[in-house]
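Residue-level structural notes
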Amino acid sequence: MNPAGLALLLVAAFPLHPFAHQVLDDGRDLATAPLRWHGREWRRFAEGSAAVAAAFAVDNQIVRFVSRQQNRELDHYLRGVTHLGGGYGVDVAALLAVGGYLRSDDRMMDAGVDALESSIAAAGVVTPVIKLAVGRARPIRDLGKHSFHPANSSFESFPSGHATNAFAIASAIATRYDDSPVVPSIAYGLATSVAVARVHNRVHFASDVLAGAMIGRAIGKSVVWNHRRARVAFMPTLQGLSARAEF
């Protein structure tokens, strides 16, 4: 059985109401976050938007340069790592959750659960909504970087779902292990590889993956920070579903 299937069985063994309530609280916090932003948060949003705009200005040049870098080792690596932005990334998160549960390792389990929740929120909700609203054509269609078709589900280049998912999972894990120089480096390194792979395969522009990366990182960090607040968090343990306050 794959890790995702094992995680579903694990979740089925516990009462779902407390955990579902936590997920809904996190979703509400994420949806209303801009209403609580102050100067620092709005500056960071402006900086991120400026970075995406700068990437947009040179999107065609970046796609041409990256896609022309061809050799057997690079192609093999990028073909493999791109799946971490999809199902394999979710499998890794599920494996951490299950492994932490079986080992009674709270941090590992929290990292996996947070990564799964971040993936659902970022790649399952936020990015699809933006994709539909923007309706950007993929570079592989050769329609140019200015081809936008809002509300058309056939055009879904912006932002990159794989980059969003990879960085949401990586950010949740890296934030849980922020006292380790190794784990964040590996997590963000793999996520960056996913973003490069999507440009290399001409399924996304650089601005697509940059926007996706920033969305995923913001949501991954927000989910972990929400769970680190002075409030009760519900998590499965070997003894059942526990409620603990984190400060």
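These lines cover the structure that appears in this document, whether it is placed above or below.

About the thresholds
Residues numbered from 1 in each chain as written. Predicted model: local features only at pLDDT ≥ 70, side-chain atom pairs only at ≥ 80, totals over all residues. Heavy atoms only, no water. Helix = DSSP H or I, 4+ residues; strand = E, 2+ residues; numbered from the N terminus. Buried < 20%, exposed > 50% of the residue type's maximum accessible area, 1.4 Å probe, protein only. Contact = heavy atoms within 4.5 Å. Areas by Shrake-Rupley, 256 points an atom, 1.4 Å probe, with all protein chains shown as cover. Phe/Tyr/Trp six-rings, centres within 6.5 Å; stacked < 30°, edge-to-face > 60°. Lys NZ or Arg CZ within 6 Å of the ring centre and 35° of its normal. Axes fitted to C-alpha atoms, helices over the stretch in contact; angles between N-to-C directions. Parallel < 35°, antiparallel > 145°, perpendicular 65-115°, else oblique. Left-handed = near helix turned anticlockwise from the far one by under 90°. Nonpolar A, V, L, I, M, F, W, Y, C, P; charged D, E, K, R; others polar.

**Overview of the overall build of the protein chain**
The number of helices and strands found in the protein chain is 10 helices and two strands. When the helices and strands of the protein chain are listed from N to C terminus, the series reads α-α-α-α-α-α-α-α-α-α-β-β. Relative to its full complement of 247 residues, the protein chain shows a buried share of 45%. In the protein chain, the proportion of contacts linking residues at least 24 apart, taken out of those at least 6 apart, comes to 73%. By element, 65% of the accessible surface of the protein chain is carried by carbon and sulfur atoms, the whole surface being about 12,600 Å².

**Considerations on the environment of Lys 145**
Along the chain, the position of Lys 145 falls in the loop between helix 7 (106-134) and helix 8 (161-176). Each C-alpha atom of the pair Lys 145 and Val 58 lies 9.4 Å from the other, and the pair is 87 residues apart in sequence. Among residues more than four places away in sequence, those in contact with Lys 145 are Phe 56, Ala 57, Val 58, Asp 59, Asn 60, Arg 136 and Phe 205.

**What about the packing of aromatic side chains?**
For the structure on display, the rule yields five aromatic pairs. A centroid spacing of 5.8 Å and a plane angle of 45 degrees characterise the contact between Trp 37 and Phe 45, whose relative ring orientation is tilted. Of the residues examined, Trp 37 reaches a relative accessible area of 25% and is grouped as partly exposed. Judged by its relative accessible area of 45%, Phe 45 falls in the partly exposed class. Note on Trp 42 and Phe 45: the rings are 5.9 Å apart at their centroids and 85 degrees apart in plane angle, and the pair reads as edge-to-face. Taken together, the residues Trp 42 and Phe 45, both in helix 3 (residues 39-57) and three residues apart, mark about one turn of the helix. Classification of Trp 42 by relative accessible area gives partly exposed; the value is 43%. Within the aromatic cluster, the residues linked to one another by ring pairs are Trp 37, Trp 42 and Phe 45. The ring of Phe 56 has Lys 145 lying over it, and the distance from NZ or CZ to the ring centre is 5.1 Å.

**Concerning the environment of Ile 169**
Inspection of the secondary structure assignment puts Ile 169 in helix 8. The exposure class of Ile 169 is buried, given its relative accessible area of 6%. Considered as a pair, Ile 169 and Tyr 188 are 19 residues apart in the sequence and their alpha carbons are 9.4 Å apart. Ile 169 has contacts with Gly 89, Val 90, Ala 115 and Ser 119, leaving out every residue within four places of it along the chain.

**What to know about the packing of helix 7 against helix 10 (residues 206-228)**
Where helix 7 contacts helix 10, the axes come no closer than 9 Å and their chain directions differ by 140 degrees. Accordingly, the angle class assigned to the pair helix 7 and helix 10 is oblique. Taken as a pair, helix 7 and helix 10 cross one another with a handedness that is right-handed. Residues Asp 114, Glu 117, Ser 118, Ala 121, Ala 122, Val 126, Thr 127 and Ile 130 of helix 7 lie in contact with helix 10, whose contacting residues are Ile 215, Gly 216, Ile 219, Gly 220, Val 223, Val 224 and His 227. Of the residues assigned to the contact of helix 7 with helix 10, the class counts are eight nonpolar, five polar and two charged.

**Here we look at unusual backbone geometry**
Most peptide bonds take the trans configuration, and most residues that are not glycine carry a negative phi. With omega at -10 degrees, the peptide bond leading from Phe 158 into Pro 159 counts as cis. Looking at the secondary structure, you find Pro 159 in the loop between helix 7 and helix 8. In this structure, Ser 104 is a non-glycine residue whose phi angle is positive, near 55 degrees. Note that Ser 104 resides in the loop between helix 6 (87-103) and helix 7.

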